[in-house]
Amino acid sequence: MKHSIRAILLSLLFSSIVTAQITLSYQTKAGDVYSTTLSMTQNIKQSMMGTDQIAENEQIISVDFKTNDSSDGLFTSDLLYKRVIINQNSPMGTTGFDSQTSGDDIPPALRGYASLVDKGYQISFDKTGSVKSVSGVETMITSMIDELELPTEAAKTRLKANLASQFNDETMLSQIQNGFIIYPKGKIDTGDTWMEDQSVTSPYPLSISTTYTLNDYDKDFAYISVSSTISTGENSNMSVEGAEIEFDLEGTQTGNIKVDRKTGFILESNLEQNTSGLMKVIAPQQMEIPMELKSIVSIKGAI
């Protein structure tokens with residue numbers, strides 16, 4: 001009898017261990033709104049002709065994702081910019097603005113950022129968090145330029161060409177993808193890991209290989225740690241204000257993420273990036289500029 005009770009208890013214990021797993025995925029329906037604020041502070045040190053130059057940048061961008069459709073495991077959402085804060089401090093001077101408090105007192109170089117507010121585009125993504133498409137970026141850029149009231153059509157054309165080379169459906173897909181965790185298919189448990197390779201094109205091309213670890217979970221939340229290696233992407237050449245530039249950078253990223261198990265969206269995220277290497281000016285004059293970059297990136301989300 002004792003052996004039978006022991007066997008039953010062991011069976012129940014084993015059963016509870018086997019079933020103590022979860023599936024993480026995105027779940028949203030038409031009308032749902034996910035609000036998120038991304039904050040990034042960046043410290044950049046460059047050495048030019050033996051002299052160190054230090055710049056500090058801060059960007060805070062608040063965005064709403066409103067789900068329009070949910071069918072066959074694919075979600076479509078309107079992305080709308082709600083608030084933009086930019087602060088820049090460099091050897092060239094200090095400038096900044098807050099779209100909620102600055103009014104019309106916006107530095108000319110930052111008016112493009114200010115014109116983002118109440119504009120947006122559309123995205124589609126699946127349950128794993130893979131962003132499938134981005135559309136409407138060109139329309140958004142046109143609306144931004146019209147709002148800036150530039151003095152001539154030639155000025156509008158030049159600005160539109162410049163913005164379109166940096167911000168288009170492809171580059172924005174890359175940026176939006178980095179705001180989504182791509183979850184593994186199937187069930188996972190505490191201590192399980194999965195990997196994802198991603199690339200970014202702004203502010204410079206980088207490849208990011210990330211290992212995610214499910215540290216813990218309860219009925220409402222999942223807690224995930226992040227460890228990434230960062231290196232220059234294959235196409236690391238850029239044109240910046242007439243100069244041809246190539247980047248040779250590598251680094252690491254570490255941090256922690258808290259996600260809502262019901263929807264899969266990020267509620268809190270804190271990541272630290274440390275990158276160093278060379279910025280090589282190819283033309284009009286060849287020059288190698290050592291760089292060190294430290295970034296703190298945080299996300300606060302609400303559903």
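See above for the structure.
Now for a quick tour of the structure. Owing to the predicted nature of the structure, the values given are computational and were not obtained by experimental measurement.

### Quick notes on the overall build of the protein chain
Link 1 in the chain: When you go through the protein chain residue by residue, the secondary structure sums to five helices and 13 strands.
Link 2 in the chain: Within the protein chain, buried positions represent 38% of all 303 residues.
Link 3 in the chain: Sequence-distant contacts, at least 24 apart, represent 58% of the contacts inside the protein chain between residues at least 6 apart.
Link 4 in the chain: Working note: accessible area of the protein chain is about 17100 Å², and carbon and sulfur atoms make up 52% of it.

### Section: unusual backbone geometry
Link 1 in the chain: In this model, Asp72 sits at a positive phi of 55 degrees, which is unusual for a non-glycine residue.
Link 2 in the chain: Here Asp72 shows up in the loop between β2 (51-71) and β3 (74-90).
Link 3 in the chain: If you check the backbone angles, Asp118 has positive phi at about 70 degrees while not being a glycine.
Link 4 in the chain: Within the secondary structure, Asp118 sits in the loop between α2 (111-114) and β5 (120-126).
Link 5 in the chain: Residue class for Asp118 comes out exposed when judged on its relative accessible area of 53%.

### Thoughts on the nonpolar core
Link 1 in the chain: Counting residues in hydrophobic clusters, the biggest one holds 47 residues, and the most contacted among them are Tyr81, Tyr121, Phe180, Ile181 and Ile224.
Link 2 in the chain: Grouped together as the second largest cluster of nonpolar side chains are 15 residues, Tyr204, Phe247, Ile289 and Met291 included.

### A word on the pairing of strand β1 (residues 33-48)
Within a regular beta strand, the side chains point alternately toward one face of the sheet and then the other, so they alternate between its two faces.
Link 1 in the chain: Inspection of the sheet shows β1 paired to β2 by 16 bridges, in the antiparallel sense. When the bridges of β2 are listed, Tyr34 appears paired with Phe65.
Link 2 in the chain: Hairpin connection from β1 to β2: two residues lie between these consecutive antiparallel strands, with Met49 at a positive phi of about 55 degrees.
Link 3 in the chain: Both β1 and strand β13 (residues 287-302) contribute to a ladder of 12 bridges, which runs antiparallel. Paired with Leu38 across the two strands is Ile299, which belongs to β13.

### Regarding the pairing of strand β6 (residues 131-135)
Link 1 in the chain: Bridge analysis of β5 against β6 gives four bridges, and the strand direction is antiparallel. Bridging across to β6, Phe125 finds its partner in Val131.

### What about helix α3 (residues 137-148)?
Link 1 in the chain: The end-to-end C-alpha distance of α3 is 17 Å, a good match for the 16 Å that 12 residues give at a rise of 1.5 Å each.
Link 2 in the chain: Along α3, the positions that sit buried rather than exposed are Val137, Met140, Ile141, Met144 and Ile145. Looking down the long axis of α3, one finds its buried residues gathered within 135 degrees of arc, a one-sided arrangement. Turned more than 90 degrees from where α3 packs its buried face, Glu138 and Thr139 sit exposed.
Link 3 in the chain: Positive backbone phi, approximately 55 degrees, marks Glu149, located one or two places after α3.

### So, the side chain of Gln253
Link 1 in the chain: Position of Gln253 among the secondary structure elements: in strand β11 (residues 243-260).
Link 2 in the chain: Here Gln273 takes part through its side chain, which lies 2.6 Å from a polar atom of the side chain of Gln253.
Link 3 in the chain: For Gln253, the residues in contact, after removing those within four places along its chain, are Ile208, Thr210, Val226, Ser227, Ser228, Ile230, Leu271, Glu272 and Gln273.

### Overview of the pattern of salt bridges
Link 1 in the chain: Tallying each qualifying case throughout the model produces six salt bridges.
Link 2 in the chain: Residue Lys45 is joined to Glu292 by a salt bridge in which the shortest nitrogen-to-oxygen separation is 3.8 Å. Of the two residues, Lys45 sits in strand β1 while Glu292 sits in strand β13, which places them 247 residues apart along the sequence.
Link 3 in the chain: Note that Asp98 and Arg83 form a salt bridge whose closest N and O atoms lie 2.6 Å from each other. Placement of the pair is Asp98 in strand β4 (residues 93-98) and Arg83 in strand β3, with a sequence separation of 15 residues.

### Some remarks on the environment of Thr213
Link 1 in the chain: When you line up the elements, Thr213 lands in strand β8 (residues 206-217).
Link 2 in the chain: Judged by its relative accessible area of 19%, Thr213 falls in the buried class.
Link 3 in the chain: Put simply, Thr213 and Thr190 are 23 residues apart on the chain and 8.0 Å apart in space, counted from C-alpha to C-alpha.
Link 4 in the chain: Setting aside residues up to four positions removed in sequence, Thr213 forms contacts with Gly191, Asp192, Thr193, Tyr223, Ile224 and Ser225.

### Thoughts on the side chain of Ser77
Link 1 in the chain: Assignment of secondary structure puts Ser77 in strand β3.
Link 2 in the chain: Setting aside residues up to four positions removed in sequence, Ser77 forms contacts with Lys66, Thr67, Asn68, Tyr121, Gln122, Ile123 and Phe125.

### As for the environment of Leu150
Link 1 in the chain: Structurally, Leu150 can be placed in the loop between α3 and α4 (153-166).
Link 2 in the chain: Judged by its relative accessible area of 25%, Leu150 falls in the partly exposed class.
Link 3 in the chain: With residues up to four places along the chain from it excluded, the contact list for Leu150 reads Ile145, Ala155, Lys156 and Leu159.

Analysis parameters
- Residues numbered from 1 in each chain as written.
- Predicted model: local features only at pLDDT ≥ 70, side-chain atom pairs only at ≥ 80, totals over all residues.
- Heavy atoms only, no water.
- Helix = DSSP H or I, 4+ residues; strand = E, 2+ residues; numbered from the N terminus.
- Buried < 20%, exposed > 50% of the residue type's maximum accessible area, 1.4 Å probe, protein only.
- Contact = heavy atoms within 4.5 Å.
- Areas by Shrake-Rupley, 256 points an atom, 1.4 Å probe, with all protein chains shown as cover.
- Core = buried A, V, L, I, M, F, W, Y, C linked by side-chain atoms within 4.5 Å.
- Pairing = 2+ DSSP bridges.
- Expected span 1.5 Å × (residues − 1).
- Arc of directions from axis to C-beta.
- Polar contact = N/O pair within 3.5 Å; in protein donor to acceptor, adjacent residues only side chain to side chain.
- Salt bridge = Lys/Arg side-chain N within 4 Å of Asp/Glu carboxyl O.

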